Amino acid sequence: MADLKIAVVCSSNQNRSMEAHAFLSKKGFQVKSFGTGAQVKLPGPSPDKPNVYDFCTTYDQMHKDLVQKDNTLYTQNGILHMLDRNRRIKPRPERFQSSKERFDIVVTCEERVYDQVVEDLETRDSEADAPVHVINIDIQDNHEEATIGAFLICDLCQMLQDSDDLENDMDEILQAFEEKCNRPILHSVSFY
């Protein structure tokens with residue numbers, strides 16, 4: 001099968017989607033990453049005080065802002081390291097709903113994001129000729145799970161890439177993957 005165009009989507013295009021983006025890129029996949037939230041949220045000094053940015057804010061600007069706010073806190077909790085990785089991959093987070101690009105596979109990292117992606121694809125003008133498979137793998141939003149999730153997403157993408165007939169093989173591939181990773185998988189097909 002020709003190289004698949006893959007999108008990985010989480011809420012803020014910071015942790016899970018960017019970890020997978022970095023890993024898939026290194027493995028040679030054609031990949032982009034996105035968020036679906038109205039704003040980008042990063043942990044703050046307490047759970048009820050997140051740092052909130054819009055999707056136009058660059059990773060570099062976020063990094064500088066958090067260094068100014070509390071360099072020690074954001075170094076210890078890994079946020080500055082994460083933003084440093086992100087700014088080496090692309091300039092800023094991107095919102096899935098604002099992208100007009102077409103993908104063969106969209107992998108989401110939580111059910112709420114999956115629902116937002118499916119809803120967005122259903123509301124787009126469609127010529128209904130190109131399928132896009134939306135697949136959800138639940139990944140907790142922390143550094144360790146994001147790393148594990150990147151490996152899982154890469155495994156899945158490799159299984160999909162290796163298929164000679166993705167449309168006919170999809171159910172079988174997803175069932176095998178679900179058994180292998182022991183996580184529930186959601187799947188739907190939309191059309192561009």
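In this text the structure is predicted, and so the values were computed from the model without any measurement.

1. Quick notes on the environment of Leu 160
Alright, step 1. Locating Leu 160 in the fold gives a position in helix 5 (residues 143-161).
Alright, step 2. The exposure class assigned to Leu 160 is buried, which follows from its relative accessible area of 0%.
Alright, step 3. For Leu 160 and Ile 173, which are 13 residues apart along the polypeptide, the C-alpha to C-alpha distance reads 7.2 Å.

2. Here's the deal with the packing of aromatic side chains
Alright, step 1. Inspection of every chain in the model, using the stated rule, returns three aromatic pairs.
Alright, step 2. Taken together, a centroid distance of 4.5 Å and an interplanar angle of 50° make the contact between Phe 23 and Phe 151 tilted. Here the residue Phe 23 occupies a position in helix 1 (residues 16-26), and Phe 151 occupies one in helix 5, the gap between them amounting to 128 residues.
Alright, step 3. Residue Phe 23 is classed as buried on the basis of its relative accessible area, which comes to 18%.
Alright, step 4. Here Phe 151 falls in the partly exposed class, since its relative accessible area comes to 45%.
Alright, step 5. Between Lys 5 and the ring centre of Phe 103, over which it is positioned, the NZ or CZ distance is 5.4 Å.
Alright, step 6. The lysine or arginine in question, Lys 90, covers the ring of Phe 34, its NZ or CZ lying 5.7 Å from the ring centre.

3. As for helix 4 (residues 111-123)
Alright, step 1. In this model helix 4 runs 18 Å from its N-terminal to its C-terminal C-alpha over 13 residues, within 8% of the 18 Å that 1.5 Å per residue would give.
Alright, step 2. Every buried residue of helix 4 is listed here: Val 113, Tyr 114, Val 117, Val 118, Asp 120 and Leu 121. The arc that holds the buried residues of helix 4, viewed along the axis, is 160°, so those residues lie on one side. Pointing more than 90 degrees away from the buried face of helix 4 are the exposed residues Glu 119, Glu 122 and Thr 123.

4. Details of a negative patch on the surface
Alright, step 1. A cluster of acidic residues, Glu 111, Asp 115, Glu 119, Glu 122 and Asp 138, forms a negative patch at the surface.
Alright, step 2. Mapped onto the fold, Asp 115 is located in helix 4.
Alright, step 3. The partly exposed category is assigned to Asp 115, whose relative accessible area is 40%.

5. Quick notes on the sheet that holds strand 1 (residues 5-10)
Working definition: the strands of a sheet are paired by backbone hydrogen bonds and lie parallel or antiparallel to each other.
Alright, step 1. One open sheet accounts for five strands, arranged 2-1-5-6-7; its pairing is mixed. Among the strands making up the open sheet, the edge pair consists of strand 2 (30-35) and strand 7 (185-191). On average, adjacent strands in this sheet sit at an angle of 20° to one another, irrespective of strand direction.
Alright, step 2. Packed onto the sheet, helix 1 meets strand 1 and strand 2 and runs at close to 170° relative to strand 2.

6. Quick look at the pattern of salt bridges
Alright, step 1. Evaluated as defined, the whole model comprises 15 salt bridges.
Alright, step 2. Its salt-bridge partner being Lys 32, residue Glu 101 comes within 2.9 Å of it at the nearest N-O pair. Residue Glu 101 is located in the loop between helix 3 (79-89) and strand 5 (105-108), and its partner Lys 32 is located in strand 2; the two are separated by 69 residues in the primary sequence.
Alright, step 3. Across the pair Lys 180 and Asp 155 runs a salt bridge, and its minimum N-O distance is 3.3 Å. With Lys 180 in helix 6 (residues 166-181) and Asp 155 in helix 5, the pair connects residues that are 25 residues apart, well separated along the chain.
Alright, step 4. Lys 180 sits in the exposed class, given a relative accessible area of 57%.
Alright, step 5. According to the relative accessible area criterion, Asp 155 is partly exposed, its value standing at 31%.
Alright, step 6. Salt bridges sharing partners connect three or more residues here, namely Asp 60, Lys 64, Asp 84, Arg 87 and Arg 88.

Basis of the calculations
- Residues numbered from 1 in each chain as written.
- Predicted model: local features only at pLDDT ≥ 70, side-chain atom pairs only at ≥ 80, totals over all residues.
- Heavy atoms only, no water.
- Helix = DSSP H or I, 4+ residues; strand = E, 2+ residues; numbered from the N terminus.
- Buried < 20%, exposed > 50% of the residue type's maximum accessible area, 1.4 Å probe, protein only.
- Phe/Tyr/Trp six-rings, centres within 6.5 Å; stacked < 30°, edge-to-face > 60°.
- Lys NZ or Arg CZ within 6 Å of the ring centre and 35° of its normal.
- Expected span 1.5 Å × (residues − 1).
- Arc of directions from axis to C-beta.
- Patch = residues over 30% accessible without salt bridge, like charges linked within 9 Å, V, L, I, M, F, W, Y side chains within 5 Å.
- Areas by Shrake-Rupley, 256 points an atom, 1.4 Å probe, with all protein chains shown as cover.
- Salt bridge = Lys/Arg side-chain N within 4 Å of Asp/Glu carboxyl O.
- Lys, Arg positive; Asp, Glu negative; His and termini not counted.
- Charge placed at Lys NZ, Arg CZ, Asp CG, Glu CD.
- Pairing = 2+ DSSP bridges.
- Axes fitted to C-alpha atoms, helices over the stretch in contact; angles between N-to-C directions.
- Contact = heavy atoms within 4.5 Å.

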